[in-house]
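Architecture at a glance
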Amino acid sequence: MPLPPAVDLYSDTQTKPTAAMRRAMADAEVGDEQQGTDPTVNRLCARVAEMLGHEAGLFLPTGTMCNLVAVATHTSPGDAIVTSLDSHIVRSETGGAAAYSGVITDLLAGDRGRFSPEATAEALAPGHVYRPWPRLVCLEQTHNFGGGTVWPLEQYRAVAEVARTAGVAVHTDGARLFNATVASRTEPRVWGEPVESIWIDFTKGLGAPLGAVLVGGRDFIEAARVHKHRCGGAMRQAGIAAAGCLHALDHHIDRLAADHANAARLAEGLSALGVGTEPVETNMVWIDIAPTGLRAAEFLERLAARHVRMSRVEERVRAVTHLDVSADDIETAVAAVAETLEALP
Ligand SMILES: *Cc1c(COP(=O)(O)O)cnc(C)c1O
């Protein structure tokens, strides 16, 4: 087995549960989640719903299932969902929305994942009778392939308002919502209130081993519960997992600011080496390796030989900071890139 990387910037999914989180999980009071009697799951769902300004919440094993269930609940086969052209739903969920819900996508360009109210209005404008019916707008906060970008609140509200006027629901993929709230110094509920459904992931920056909570109105959540069960997401003593999520809400939100500072420092260190990055808004650094003359895969291999791990999407290289990456680790990563550059022919 190769040694694990000394610095793992592959993704914020690479965090390991802390000792304190494991203790909270071990001590969790549990029941039968599927029957609605797991007290820890119920506490988590009520808390997330309250935080995001919605009536009810649903505990699901993954964020992918939140999107799958939400799209199914909001749409009928043949409907269109309107979303950014590089949204996670479109790019990274193995076509789940199409396979499970039978929807077609209407993809909007924008500024690093953030599209305008005008583009939304155009997509939702009444058209001829033959076209797929736009039934749902899907937003992503922060936007992953956009570069960990944060929707400005005014733009987010304006897009939601356009949808409301058109009678179309809005769903927000908030896998990294707390990176956005910390970066923009906003309350979570301001992102929940303008939309019909929104979810948060506990396995990204929050550092839990599994779990996500989807929230919305009481009727929406009751309908979503059917899809949760249908796609195999109804669980049993899930309070073990929910306790890790509650622990993360108590201890791992404010510290995201440290991840953002580390990402900014990484970008600064790389640019001093002549390696540019896209503007850093949260915990992601998308690196332009063109100046190295290497293919992304080669660049990653050379870094890995120096015990630093990053990832790539095609030729874009991505480094993500998280709770298992320290400020010293960032200096190690910058040094590894410097050595890689020095070793170039
Ligand atoms: C990770 C991610 C998901 C999927 O979440 P999982 O918990 O890994 O299934 C969905 N959307 C975005 C933007 C993500 O980054």
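Look up: the structure comes first, before these words.
We now turn to the structure provided with this report. The structure presented is a predicted model; accordingly, all values stated were derived computationally and were not measured.

Parameters and conventions
- Residues numbered from 1 in each chain as written.
- Predicted model: local features only at pLDDT ≥ 70, side-chain atom pairs only at ≥ 80, totals over all residues.
- Heavy atoms only, no water.
- Pairing = 2+ DSSP bridges.
- Helix = DSSP H or I, 4+ residues; strand = E, 2+ residues; numbered from the N terminus.
- Axes fitted to C-alpha atoms, helices over the stretch in contact; angles between N-to-C directions.
- Buried < 20%, exposed > 50% of the residue type's maximum accessible area, 1.4 Å probe, protein only.
- Contact = heavy atoms within 4.5 Å.
- Near = heavy atom within 4 Å.
- Polar contact = N/O pair within 3.5 Å; in protein donor to acceptor, adjacent residues only side chain to side chain.
- Areas by Shrake-Rupley, 256 points an atom, 1.4 Å probe, with all protein chains shown as cover.
- Parallel < 35°, antiparallel > 145°, perpendicular 65-115°, else oblique.
- Nonpolar A, V, L, I, M, F, W, Y, C, P; charged D, E, K, R; others polar.

1. Topic: the sheet that holds strand 3 (residues 80–84)
- Pairing within the open sheet is mixed, and its 7 strands lie in the order 2-8-7-6-5-3-4. What marks the edges here is a single partner per strand, and that holds for strand 2 (56–60) and strand 4 (104–108). Across this sheet, the average inter-strand angle for adjacent strands is 20°, counted without regard to direction.
- One ladder, built from 5 bridges, connects strand 3 with strand 4; its direction is parallel. Bridge pairing in strand 4 links threonine 83 to leucine 107.

2. Some remarks on the side chain of threonine 15
- Note that threonine 15 resides in the loop between strand 1 (7–8) and helix 1 (19–26).
- Taking the relative accessible area as the measure of exposure, threonine 15 reaches 9% and is therefore buried.
- Leave out the neighbours within four places in its chain, and threonine 15 touches Thr203, Lys204, Gly207, His322, Leu323 and Asp324.

3. As for the sheet that holds strand 9 (residues 276–277)
- In space, the 4 strands of this open sheet follow the order 9-10-13-12, with antiparallel pairing throughout. A single partner strand is all that each edge strand has here, and the edge strands are strand 9 and strand 12 (311–313).
- Pairing of strand 9 with strand 10 (residues 284–288), which is carried by 2 bridges, proceeds in the antiparallel orientation. Within strand 10, the residue paired with threonine 277 across the bridge is isoleucine 287.
- Sheet strands touched by helix 14 (residues 296–304): strand 12 and strand 13 (316–320). Its angle to strand 12, the strand with the most contacts, is close to 175°.

4. Examining the site of the ligand
- Around the ligand sit 14 residues in total, of which Thr64, Asp173, Arg176, Asp201 and Lys204 are the nearest.
- The contact in question runs from an oxygen atom of the ligand to an N or O atom on the side chain of arginine 176, over 2.8 Å.
- Separating an oxygen atom of the ligand from a side-chain N or O atom of aspartate 201 is a distance of 2.7 Å.
- Coverage of the ligand by the protein chains reaches 87% of its 380 Å² of free accessible surface.
- If you list the elements that add at least two residues to the shell around the ligand, you get helix 3 (63–74) and strand 7 (197–201).

5. Side note on the packing of helix 9 (residues 177–184) against helix 13 (residues 256–272)
- The interhelical angle for the contact between helix 9 and helix 13, taken along N-to-C directions, is 80°, at an axis separation of 9 Å. Here helix 13 runs roughly perpendicular to helix 9, going by the angle between their axes. Of helix 13, the residues touching helix 9 (which contributes Phe178, Asn179, Val182 and Ala183) are Leu256, Ala257 and His260.
- Across the contact of helix 9 with helix 13, the residue classes break down as 5 nonpolar, 2 polar and no charged.

6. A closer look at the pairing of strand 3
- Buried residues dominate strand 3, accounting for 5 of its 5 residues.
- Sheet analysis places strand 3 next to strand 5 (residues 134–140), joined by 4 bridges and oriented parallel. The residue bridging threonine 83 from the neighbouring strand is cysteine 138, located in strand 5.

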